[in-house]
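Fold and geometry: a report
Spelled out, the chains give:
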Amino acid sequence: MRDRLRVACSAAGRSPDEVELLVVTKFFPAEDVVRLIDLGEREFGESREPEAGRKVAQVRAERSEPAVFDMIGRLQRNKAKTVAGWARCVHSLDSERLATALDTAAAAARDDGVRHDPLDVLIQVSLDGDTSRGGVAADDLDPLAQHVASADALRLRGLMCIAPLEGEPERWMHRAATVRAQFLRSHPDAEVLSAGMSGDLDVAVAYGSTCVRVGTAILGERPIVSP
Ligand SMILES: *Cc1c(COP(=O)(O)O)cnc(C)c1O
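Now for a look at the structure at hand. A quick note: this is a predicted structure, and the numbers were derived from the prediction, not measured. (Residues numbered from 1 in each chain as written. Predicted model: local features only at pLDDT ≥ 70, side-chain atom pairs only at ≥ 80, totals over all residues. Heavy atoms only, no water.)

Next up on the list: the site of the ligand. Near the ligand you find Val24, Lys26, Ile72, Ile162, Met197, Ser198, Arg213, Val214, Gly215, Thr216 and Arg222, and these make up its full shell. At 2.8 Å from an oxygen atom of the ligand is found a main-chain nitrogen or oxygen belonging to Gly215. The fraction of the free accessible surface of the ligand (390 Å²) that becomes covered by protein chains is 88%. Of the pockets mapped on this structure, the ligand occupies the largest pocket. Across the shell around the ligand, the residue classes tally to five nonpolar, three polar and three charged. (Near = heavy atom within 4 Å. Polar contact = N/O pair within 3.5 Å; in protein donor to acceptor, adjacent residues only side chain to side chain. Areas by Shrake-Rupley, 256 points an atom, 1.4 Å probe, with all protein chains shown as cover. 1 Å grid on protein atoms, 1.4 Å probe; cavity = no way out; pocket = protein on both sides within 12 Å on 5 of 7 lines; lining within 4 Å. Sits in = over half its atoms within 2 Å of the grid points. Nonpolar A, V, L, I, M, F, W, Y, C, P; charged D, E, K, R; others polar.)

Okay, here's the thing in structure tokens:
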């Protein structure tokens, strides 16, 4: 995978240092994460609670390496509290109500000494405008970003997107790059673009992704039943 990522970066005229590889370990047990840590991986993506929180606790009990875990999946407000206890970054922020819940939870986690840094967030943008599958329409990014800016315990880092299944990845990643360029004009520090998965990471890198989220291409097909 590192080779594929290097090739994609070099084809795009970019340095591999510009693109983080998040290994998506959802559905895989903590033992597999421990193995990946032993192989040198440090950044992981999880998408479901309570599976994720339990797994992170187990991994941290077994390995002291400074591994980080991001929440990349859809998140309900009632899970904000547990997620704020373990996540470095939430990639799937798509409502003011969720932002408020995460802000409260991250502040409480800080008071409790469970976390030290603010909770990083990415706003998930819906590339086709169908927000039923998560994300906000491009037109709604600014109000949500302003809301996040007023939240003390959150830090806005950028945008996340998932290319819709219909249509060519090129089209969607081009759209992501356009939306991001526009967004950066009013939020110049929010430079992260979390885009690209096993099937389209090469295209995503060509269009400026700074973080690819890769599961299947590293770990194989996910087990049907979660741990
Ligand atoms: C599962 C998941 C991925 C990884 O997908 P693969 O195709 O297995 O690489 C990436 N992003 C999100 C949001 C996911 O839920």
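Residue Pro50 follows Glu49 across a cis peptide bond; omega there is 5°. Examined against the element boundaries, Pro50 turns out to sit in the loop between β2 (43-46) and α3 (51-62). Not every positive phi belongs to a glycine, and Phe27 is a case in point at roughly 75°. As for its position among the elements, Phe27 is in the loop between β1 (20-24) and α2 (30-38). (Helix = DSSP H or I, 4+ residues; strand = E, 2+ residues; numbered from the N terminus.)

If you add up the space inside the largest pocket, you get close to 780 Å³. In terms of lining, the largest pocket is formed by 36 residues, of which the most central are Lys26, Ile162, Ala163, Met197 and Arg213. Contributing elements (two or more residues each) for the lining of the largest pocket: α7 (169-186) and β8 (211-214). Counted by class, the lining of the largest pocket contains 14 nonpolar, 12 polar and 10 charged residues. A volume near 280 Å³ is recorded for the second largest pocket. Along the walls of the second largest pocket sit 15 residues, with Ala87, Arg88, Arg115, His116 and Asp117 positioned nearest its centre. Secondary structure elements with two or more residues in the lining of the second largest pocket: β3 (68-71) and α4 (80-86). For the lining of the second largest pocket, the class distribution of residues is seven nonpolar, two polar and six charged. (Points joined across faces, edges and corners; volume = space filled by probe spheres on them.)

What follows deals with the pairing of strand β6 (residues 154-160). Within β6, five of the seven residues are buried, leaving the element largely enclosed by the surrounding structure. Sheet topology places strand β5 (residues 119-124) next to β6; six bridges connect them, and they run parallel. Residue pairing for β6: Val121 is matched across the bridge by Leu156. Where the polypeptide runs from β5 across helix α6 (residues 141-149) and back to β6, its parallel neighbour, the crossover connection is right-handed. Taken together, the three bridges between β6 and strand β7 (residues 192-194) define a ladder with parallel strand orientation. Counted as the bridge partner of Leu159 is Leu193 from β7. Handedness of the β-α-β unit built from β6, α7 and β7 comes out right-handed. (Buried < 20%, exposed > 50% of the residue type's maximum accessible area, 1.4 Å probe, protein only. Pairing = 2+ DSSP bridges. Right-handed = clockwise from strand over helix to strand, strands pointing away.)

Turning our attention to the pairing of β5. The buried fraction of β5 is high, at six of six residues. Taken together, strand β4 (residues 89-93), helix α5 (residues 96-111) and β5 constitute a β-α-β crossover, and its handedness is right-handed.

This part takes up the side chain of Ser198. The residue Ser198 is located in the loop between β7 and α8 (201-206) in this model. Its relative accessible area of 18% is what places Ser198 among the buried residues. From its side chain, Ser198 meets the backbone nitrogen of Thr216 in a polar contact 3.4 Å long. Reaching out from Ser198, the side chain makes a polar contact with the backbone nitrogen of Ala217 at a distance of 2.9 Å. Leaving out residues up to four positions away in the same chain, Ser198 has contacts with Arg4, Arg213, Val214, Gly215, Thr216 and Ala217. (Contact = heavy atoms within 4.5 Å.)

Glancing now at the environment of Met71. Its location among the elements puts Met71 in strand β3. When its relative accessible area of 1% is taken as the criterion, Met71 is described as buried. As a C-alpha pair, Met71 and Leu219 span 148 residues in sequence and 18 Å in three-dimensional space. The residues touching Met71, leaving out its near neighbours within four places in the chain, are Glu46, Ser47, Arg48, Val83, Trp86, Ala87, Cys89, Val90, His91 and Ser92.

Don't take any of this as a statement about function, it's just geometry.
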